[in-house]
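Structural features, examined
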Amino acid sequence: MKQRIELASTALNQARQTLQHQFYPNYHLAPYAGWLNDPNGLIYHEGLYHAFYQHHPFSADWGPMHWGHATSEDMIHWQHQPIALAPGDEFDRDGCFSGSAVSHNGQLYLFYTGHIWLSGEGDDSHIHQSQCLAISHDGIHFEKKGVVVPCPQGYMHFRDPKVWYQDDRWWMVVGARDSLDQGQILLFTSHDLLTWSENYQVLAKTDDKNVYMWECPDFFSLGEQFVTLFSPQGKKPQGHQYRNLYQNGYLVGNWSPNQPYEITNQFSELDMGHDFYAPQTFLAQDGRRIAIAWMDMWESAMPSKAHGWCGCFTVPRELTLDDQGKIISNPINELTSLRTEQIDIAPCTLTKNSSLTLLDEASSCEIELIWDLQQSPAEKFGFWLGDGAEFFIDGQNQQLTLSRHYPEYAISGYRSAPLPQTRHLKVRAFIDKSSLEVFINDGELTFSSRIYPKENERKLKIFTINQQAKLIQGTIWPL
Ligand code: FRU
């Protein structure tokens, strides 16, 4: 593997020289060069945060999957590390697919899916997938140990292991598609991380016959309950929901070892934006449950490919569960360390069809706007970012909308969600060079989407259309 990693590093270094930075994020993790998709192996290990990711170092397109690697002291400032895993051994010949990490006795264990195309690259109907292990003593160089969980009979799509320790045992959930093409999660156990039970339990399974696969499962306790987080494929759009090609969301329930998972809250999307997929969670040093997702969507237009790189993570979000069993998702506190100054916006009432410029060039900033919904009878009000992106409260339809329009990249359309029925609406947004993440009412709803403004066309304005809108508090922090 060493040679393959060296080859990949040379390619990356060359590609980096010609990388164009127009859309390259300021504070989101993106590949040094080349392609990135799912977050993998997120973990706090021996004093550092590690983030791995699905990576193709030889071009900005998806290809034979490697594991890229970065480390951080605060989950915000990342340092690129050498590639951790390169495919090409008999058990992972065509790809080291997604997986997770475990810190054990000072060593870092990576569990990942060894992927093999059985009848030609890209033919999803003939593949072989198994769960493999690689171990590192120094947290940088990994030694592959081969297959630890072979594909059970009756399955072919079997991937994305997530491993954790609980009640004197190790546990692994794996995403799967059964012979009837139904998405589900299989659960395995082990006493030593090396030998895994052949017997498995179907932990949870789709009740929507259109859903043929559950990718990237995660399973963890939050508050008093257990959350199953996964990315179902095949769901059909329904009202505001399931508007992306593939979805991501969660179930909430009760679980203890050897008991069935008793679901108390049915599937609910974790984010309402265009670009949120394959999130993985991990525990911060102080025990907070943190989630990071791939901020893109399969088969969508990805303009930065032409710039030599593609794909980035969301900001890390702290997850908590409210008393209704709903996940509340907030940007981690560490993000405040990026603030350079604070700009206060005087409370104001925007009169009918007016707008107010808050920043001339919003390329990297955090904003917080608190609107008084009772005193804002406008048809539509919120903020514009250049000509291409807007986030607004739609008073007529009582919904929140994030809308994008970049015809030069064939990107346009909107995502929306019902407007929370609160007197005040807090809109907190993180803007980076090619992303917009909006958090509503302290994490009750989130929208994450990639945006592609032209250079010098990033004016940030608040606006109202037909009738007034009242802003009771506004703050901007350039980052
Ligand atoms: C999810 C996914 C995983 C797979 C990986 C391949 O985005 O399709 O199921 O392991 O990406 O890159």
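Residues numbered from 1 in each chain as written. Predicted model: local features only at pLDDT ≥ 70, side-chain atom pairs only at ≥ 80, totals over all residues. Heavy atoms only, no water.

1. Some words on the site of the ligand
Inspection of the region around the ligand gives 13 residues, with Asp38, Gln54, Arg159, Asp160 and Glu215 positioned closest. With respect to the ligand, the side chain of aspartate 38 contributes an N or O atom lying 2.7 Å from an oxygen atom. Arginine 159 places a polar side-chain atom, nitrogen or oxygen, 2.9 Å from an oxygen atom of the ligand. Protein burial of the ligand: of its 310 Å² of free accessible surface, 96% is covered by the chains. Of all the cavities here, the one that holds the ligand is the largest pocket. (Near = heavy atom within 4 Å. Polar contact = N/O pair within 3.5 Å; in protein donor to acceptor, adjacent residues only side chain to side chain. Areas by Shrake-Rupley, 256 points an atom, 1.4 Å probe, with all protein chains shown as cover. 1 Å grid on protein atoms, 1.4 Å probe; cavity = no way out; pocket = protein on both sides within 12 Å on 5 of 7 lines; lining within 4 Å. Sits in = over half its atoms within 2 Å of the grid points.)

2. Observations regarding the side chain of aspartate 38
Among the structural elements, aspartate 38 can be located in strand β1 (residues 34-45). Engagement of the side chain of aspartate 38 in a polar contact is seen with the side chain of serine 98, the distance being 2.7 Å. (Helix = DSSP H or I, 4+ residues; strand = E, 2+ residues; numbered from the N terminus.)

3. A short note on unusual backbone geometry
Although it is not a glycine, aspartate 167 adopts a positive phi angle of roughly 50°. Within the element layout of this structure, aspartate 167 appears in the loop between β9 (158-166) and β10 (169-177). Located in the positive-phi region is aspartate 181, a residue other than glycine, with phi close to 60°. With respect to the secondary-structure elements, aspartate 181 resides in the loop between β10 and β11 (183-190).

4. Some words on the state of the cysteines
Scanning the model with the defined rule gives 0 disulfides in all. With no disulfide of its own, cysteine 310 lies closest to cysteine 312 among cysteine sulfurs, the gap being 9.0 Å. On the basis of relative accessibility, which here comes to 1%, the residue cysteine 310 falls in the buried class. (Disulfide = S-S within 2.5 Å. Buried < 20%, exposed > 50% of the residue type's maximum accessible area, 1.4 Å probe, protein only.)

5. Overview of the pattern of salt bridges
Per the stated rule, a full pass over the model turns up 24 salt bridges. For aspartate 94, the salt bridge identified is with arginine 93, shortest N-O distance 3.2 Å. Its relative accessible area of 17% is what places aspartate 94 among the buried residues. Looking at arginine 93, the relative accessible area reads 45%, which means it is partly exposed. The partner of arginine 404 in a salt bridge is aspartate 275, with the nearest N and O atoms 3.1 Å apart. Of this pair, arginine 404 sits in strand β28 (residues 399-406) while aspartate 275 is found in the loop between β16 (262-269) and β17 (277-283), placing the two residues 129 residues apart along the sequence. Linked through salt bridges whose partners overlap, the residues forming this network are Arg4, Asp89, Asp92 and Lys144. (Salt bridge = Lys/Arg side-chain N within 4 Å of Asp/Glu carboxyl O.)

6. Describing the sheet that holds β28
If you trace the 6 strands from one edge of the open sheet to the other, you get β24-β33-β26-β27-β28-β29, paired in antiparallel fashion. Strand pairing shows two members of the sheet lacking a second neighbour, β24 (355-359) and β29 (411-418), which therefore form its edges. Averaged over all adjacent pairs, the angle separating strand axes in this sheet is 15°, with direction ignored. For strand β26 (residues 380-385) and strand β33 (residues 460-465), the ladder comprises 6 bridges, and the chain directions are antiparallel. Across the sheet, the residue bridging to leucine 385 is leucine 460, located in β33. (Pairing = 2+ DSSP bridges. Axes fitted to C-alpha atoms, helices over the stretch in contact; angles between N-to-C directions.)

7. Side note on the layout of surface pockets
Approximately 540 Å³ is the volume attributed to the largest pocket. Around the largest pocket sit 29 residues that line it, and Trp62, Asp124, Glu215, Gln233 and Trp298 are the ones nearest its centre. Broken down by secondary-structure element, the contributors of at least two residues to the lining of the largest pocket are β1, β5 (95-104), β6 (107-117), β9, β13 (213-222) and β17. Here the residues of the lining of the largest pocket sort into 12 nonpolar, 8 polar and 9 charged. Approximately 420 Å³ is the volume attributed to the second largest pocket. The wall of the second largest pocket is formed by 21 residues, among which Val163, Trp164, Tyr165, Leu283 and Arg289 lie closest to the centre. (Points joined across faces, edges and corners; volume = space filled by probe spheres on them. Nonpolar A, V, L, I, M, F, W, Y, C, P; charged D, E, K, R; others polar.)

8. Structural notes on the nonpolar core
Within soluble globular proteins, side chains that are nonpolar tend to cluster in buried spots. Counting residues in hydrophobic clusters, the biggest one holds 53 residues, and the most contacted among them are Trp371, Phe383 and Leu460. Non-local contacts of phenylalanine 383, meaning those with residues more than four positions away in its chain, are made with Ile367, Leu369, Ala389, Glu390, Phe391, Val427, Ala429, Leu436, Leu460, Lys461, Ile462 and Phe463. (Core = buried A, V, L, I, M, F, W, Y, C linked by side-chain atoms within 4.5 Å. Contact = heavy atoms within 4.5 Å.)

9. Here we look at the pairing of strand β7 (residues 127-136)
One face of the sheet, then the other: side chains in a regular strand alternate in exactly this way. In terms of residue burial, β7 counts as a mostly covered element, since 9 of its 10 residues are buried. As paired strands, β6 and β7 are joined by 10 bridges and run antiparallel to one another. Residue tyrosine 109 lies in a different strand from β7, and its bridge partner there is isoleucine 135. Direction of pairing for β7 relative to strand β8 (residues 143-149): antiparallel, over a ladder of 5 bridges. Bridged to cysteine 132 within β8 is valine 147. The turn joining β7 and β8, which pair antiparallel and follow one another in sequence, is formed by 6 residues; a positive phi near 80° is taken by glycine 139.

Keep in mind these values describe shape, not function.
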